[in-house]
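Observations on chain architecture
Chain by chain, the residues run as shown.
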Amino acid sequence: MLSYLTINNLMHAVDIIIIWFLLYKIIQFVEGTRALQILFGVGTVILVKVVSWYLGLMTLSWVMDQLITWAPIALVVIFQQEIRRGLETLGRRLTVRRARIDNTVEHQLIKSLDDSLQYMSKRRIGALITIQRDAQLDEYIKTGIKLDAHITGQLLINTFIPNTPLHDGAVIISKGRIAVAAAYLPLSESTRIPKELGTRHRAAVGISEASDAITVVVSEETGEISITQKGDLLRHMDQKSYLNFFEHQFIPAVDSVVAKTHWWRKGGQTR
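Let me begin by describing the structure that accompanies this report.

Cut-offs and rules
- Residues numbered from 1 in each chain as written.
- Predicted model: local features only at pLDDT ≥ 70, side-chain atom pairs only at ≥ 80, totals over all residues.
- Heavy atoms only, no water.
- Helix = DSSP H or I, 4+ residues; strand = E, 2+ residues; numbered from the N terminus.
- Expected span 1.5 Å × (residues − 1).
- Buried < 20%, exposed > 50% of the residue type's maximum accessible area, 1.4 Å probe, protein only.
- Axes fitted to C-alpha atoms, helices over the stretch in contact; angles between N-to-C directions.
- Parallel < 35°, antiparallel > 145°, perpendicular 65-115°, else oblique.
- Left-handed = near helix turned anticlockwise from the far one by under 90°.
- Contact = heavy atoms within 4.5 Å.
- Nonpolar A, V, L, I, M, F, W, Y, C, P; charged D, E, K, R; others polar.
- Phe/Tyr/Trp six-rings, centres within 6.5 Å; stacked < 30°, edge-to-face > 60°.
- Salt bridge = Lys/Arg side-chain N within 4 Å of Asp/Glu carboxyl O.
- Core = buried A, V, L, I, M, F, W, Y, C linked by side-chain atoms within 4.5 Å.
- Pairing = 2+ DSSP bridges.

Comments concerning helix α8 (residues 199-210)
Counted at 1.5 Å a residue, the expected span for α8 with its 12 residues is 16 Å, and the 16 Å between its end C-alpha atoms agrees. Counting buried positions along α8 yields nine of 12 residues, so the element is predominantly enclosed. Residues of α8 that are buried include every one of His201, Ala203, Ala204, Val205, Gly206, Ile207, Ser208, Glu209 and Ala210, and no others.

What to know about the packing of helix α5 (residues 104-123) against helix α9 (residues 239-250)
The N-to-C vectors of α5 and α9 enclose an angle of 160°; their axes lie 10 Å apart at closest approach. When the axis of α5 is compared with that of α9, the two are roughly antiparallel. The element α5 and its partner α9 pack so that their crossing is right-handed. Note on element contacts: α9 touches α5 through Gln239, Tyr242, Leu243, Phe246, Glu247 and Phe250, opposite Glu106, Leu109, Ile110, Leu113, Asp114, Leu117 and Gln118. Across the contact of α5 with α9, the residue classes tally to eight nonpolar, two polar and three charged.

A closer look at the packing of aromatic side chains
Counting across every chain of the model gives three aromatic pairs. Pairing Tyr242 with Phe246 gives two aromatic rings, centres 5.7 Å apart and planes at 50°, and the pair type is tilted. Of this pair, Tyr242 and Phe246 are both found in helix α9, four residues apart, which corresponds to roughly one turn of the helix. For the pair formed by Tyr242 and Phe246, the shared burial category is buried. Between the aromatic rings of Phe246 and Phe250, the centroid separation amounts to 5.8 Å while the plane-to-plane angle is 20°, which identifies the pairing as stacked. Of this pair, Phe246 and Phe250 both sit in helix α9, four residues apart, which is roughly one turn of that helix. A single burial state applies to Phe246 and to Phe250, both of which are buried. Taken together through their ring pairs, the aromatic side chains of Tyr242, Phe245, Phe246 and Phe250 make up a single cluster.

Some thoughts on the pattern of salt bridges
Pairing is possible between side chains of opposite charge, provided their charged atoms come close. Counting across every chain of the model gives six salt bridges. A salt bridge links Asp115 to Lys111; the nearest nitrogen and oxygen atoms lie 3.2 Å apart. Taken together, the residues Asp115 and Lys111, both in helix α5 and four residues apart, mark about one turn of the helix. Residue Asp115 is classed as partly exposed on the basis of its relative accessible area of 26%. Of the residues examined, Lys111 reaches a relative accessible area of 29% and is grouped as partly exposed. Close ionic contact of Arg200 with Glu220 constitutes a salt bridge, the shortest N to O distance being 3.5 Å. Placement of the pair is Arg200 in helix α8 and Glu220 in the loop between β5 (214-218) and β6 (225-229), with a sequence separation of 20 residues. In this structure Glu220 comes out as partly exposed when scored by relative accessible area, which is 42%.

Comments concerning the nonpolar core
Counting residues in each nonpolar core, the largest one holds 29 residues, and the members touching the most others are Ile129 and Phe246. Those elements that place two or more of their residues in this core are α5, β1 (127-131), α7 (153-159), β3 (170-174), β4 (177-183), β5, β6 and α9. What Ile129 contacts, discounting residues up to four positions off in sequence, is Leu113, Met120, Leu156, Phe160, Val171, Ile173, Ile214, Thr215 and Val216. Residues Leu128, Tyr140, Ala179 and Ile207 belong to the second largest nonpolar core, which totals 16 residues.

Details of the pairing of β6
Burial analysis of β6 places five of its five residues in the buried class, which makes it a mostly covered element. Of the two faces of β6, the one carrying Ile225, Ile227 and Gln229 and the one carrying Ser226 and Thr228 are both buried. Here β5 pairs with β6 via four bridges, running antiparallel. Residue pairing across strands places Val216 opposite Ile227, the latter belonging to β6.

This is how it looks when you write it as structure tokens:
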């Protein structure tokens, strides 16, 4: 038995484990998106190629060869958004970020979001607010109307008042300021989004699939507050749950004790 425990066999085992892990991550990454259906299509083409070669169907085998030859170029074009998102995710994980002690901007952001969400949710005012993280949102910021304003709850509320020039589209918060309003976000094609949800929710999921941004949605039909991140849709968020979520996302863990004390002092906790 010891004869099997060679360095060569061990490396083969490690090689197989890594391949299975990568396949698992790829399937997990594309689950619920159009990419999964396309990958199934690619697998079908490869299967047909193998079967046609085995049975001696030369014409069919040649057609499959042409598809396989040109498929990589087509996949790069089709999956450019998913590839970019995957590379950005990998880059963020390899980047070490320094924790900041002064979280004044983060606390102001959380308080402004809380004030506006409570007001709009109770009055069923539809809203779509995207907060930029590490990935740049310049291509989406360009589609909006420039504000470059300090973040306040009152300004967020006024932006989404119905029948005003800026209420359609998304507000994008970048670098601690409200960059633009009425911006256009990419719509998700995920099959996991409930059919009763509308364009705002699909746009929120779409931008979370294309970047690491966090997006908050207020439904104008029900007043329900939802949050999207990394392609996930968190629904039925009450004040306590979204405040906990924001503090976890925006306030560095190394400063969690100081942050919590400061937040209580500023009166930003659940009322």
